[in-house]
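Understanding the architecture of this molecule
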Amino acid sequence: MDDQTLSKPALPGRNAALLFDLDGTLVPFADDPSLVCLPDGLRRMLLRIRHLLDGALGIISGRGIADLDAIVRIPEIAAAGLHGGEWRTADGQRAQLPVHRPIVDAAVRHALHRLGDREGLLVEDKGSSVALHFRKRPERREEVEQIAYDLQRIAGSGFGLQKGNCVIELKPAGIDKGTAVQRLMESAPFRGRKPWFIGDDYTDEHAFEYVNRLGGSSVVVGGRRPTAARAALADPKAVRRWLGRMIVSLETTPGNTPS
Ligand SMILES: O=P(O)(O)OC[C@H]1O[C@H](O[C@H]2O[C@H](CO)[C@@H](O)[C@H](O)[C@H]2O)[C@H](O)[C@@H](O)[C@@H]1O
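Keep in mind that this is a model prediction, so the values were computed, not measured.

**A closer look at the overall build of the protein**
Helix and strand counts for the protein come out as seven helices and twelve strands. In terms of overall dimensions, the protein is globule-like: its C-alpha atoms have a radius of gyration of 18 Å, near the 18 Å expected for 259 residues. Projected onto its principal axes, the C-alpha coordinates of the protein cover approximately 60 × 40 × 35 Å. The 259 residues of the protein split such that 41% are buried.

Encoded structure:
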């Protein structure tokens, strides 16, 4: 169904575990992925909410964790990167799935060779995957997607494709943001709490489906439909306003000691 009308999300209670996507959710899209930054005011809000939820706040992204850390700048925040290919729990333990570097190297070389004129296009080498970006050249979408399909054939069944906002990515098969949410939810202080996932893109649908199955709350940012999400916010500015209301609500909930 693509005429879904979704209402705004309620405010999470003190037993919530809050998991956010980054690009298109907490921060607006930029032409160049390296130009994205998280404003200081928003960082302070996330820190405050993390404190009020006893640490149960994390980021789940298609970016690698090192890239996320450089943007988010919240030391040791619980995170999953590369759509679930690596993760770090709130106590700082890190893990990552095996990286098939020779295949990724071959895919990067093939993509660079095939693209020819790369003006406005970007081949992003993410270590275990490779993303082909066409935000500045939307008219080349079909050509870029065709190259990605060819990369998938060359890489074989151990790899799959993930479409996103003006991007298509070759990534290891069998990982997605649903498994990423599951990994964090099985670790402290997330375990036993009600999961919330807030995201905007196709890759976030796996996470929406997962939290829905757990009886959690799923919030899509923006107008992409259809979606498995059960509530919606218009854009990253609306997300920030919602976070502001959340802080007031959590601070005034009996049992929370403002500090
Ligand atoms: O899961 P996310 O946190 O949303 O990360 C998804 C991808 O984000 C980045 O690409 C997207 O954002 C860029 C900056 O706004 C934009 O230029 C690009 O068009 C978007 O697709 C990042 O570069 C990717 O590696 C992530 O997978």
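More follows now that the structure is in view.
**A look at the site of the ligand**
By nearness alone, 23 residues border the ligand, and Leu22, Asp23, Pro33, Ser61 and Gly62 come closest of all. Partitioning the shell around the ligand into residue classes produces eight nonpolar, seven polar and eight charged. When residues of the shell around the ligand are sorted by domain, at least three fall in each of domain 1 (16–97 + 175–252) and domain 2 (101–172).

**Topic: the nonpolar core**
Grouped together as the largest cluster of nonpolar side chains are 43 residues, with contacts concentrated most on Ala17, Leu18, Leu19, Val181, Leu184, Trp196 and Phe197. Per element, the largest residue contribution to this core is five residues, and it comes from strand β1 (residues 16–20). If near-sequence neighbours (up to four positions away) are discounted, Leu18 is found in contact with Pro12, Ile49, Leu53, Ala56, Leu57 and Trp196. Of all hydrophobic cores here, the second largest spans 17 residues; its members include Ile147, Ala148, Ala155 and Val167.

**A closer look at helix α4 (residues 141–155)**
The terminal C-alpha atoms of α4 lie 21 Å apart, and with 15 residues this matches the ideal 21 Å at 1.5 Å per residue to within 8%. When α4 is considered as a whole, its buried residues turn out to be Val144, Ile147, Ala148, Leu151 and Ala155. For α4, the angular spread of the buried residues around the axis is 100°, confining them to a single face. Exposed residues pointing more than 90 degrees away from the buried face of α4 are listed as Glu142, Gln146, Tyr149 and Arg153.

Conventions adopted
- Residues numbered from 1 in each chain as written.
- Predicted model: local features only at pLDDT ≥ 70, side-chain atom pairs only at ≥ 80, totals over all residues.
- Helix = DSSP H or I, 4+ residues; strand = E, 2+ residues; numbered from the N terminus.
- Rg over C-alpha atoms; globule rule 2.2 N^0.38 Å.
- Buried ≥ 20, exposed ≤ 12 C-beta atoms within 10 Å, placed from the backbone.
- Near = placed C-beta within 6 Å.
- Nonpolar A, V, L, I, M, F, W, Y, C, P; charged D, E, K, R; others polar.
- Domains from an automatic or database assignment.
- Core = buried A, V, L, I, M, F, W, Y, C linked by C-beta atoms within 7 Å.
- Contact = placed C-beta atoms within 7 Å.
- Expected span 1.5 Å × (residues − 1).
- Arc of directions from axis to C-beta.

Everything listed is a geometric property; what it means functionally is a separate question.
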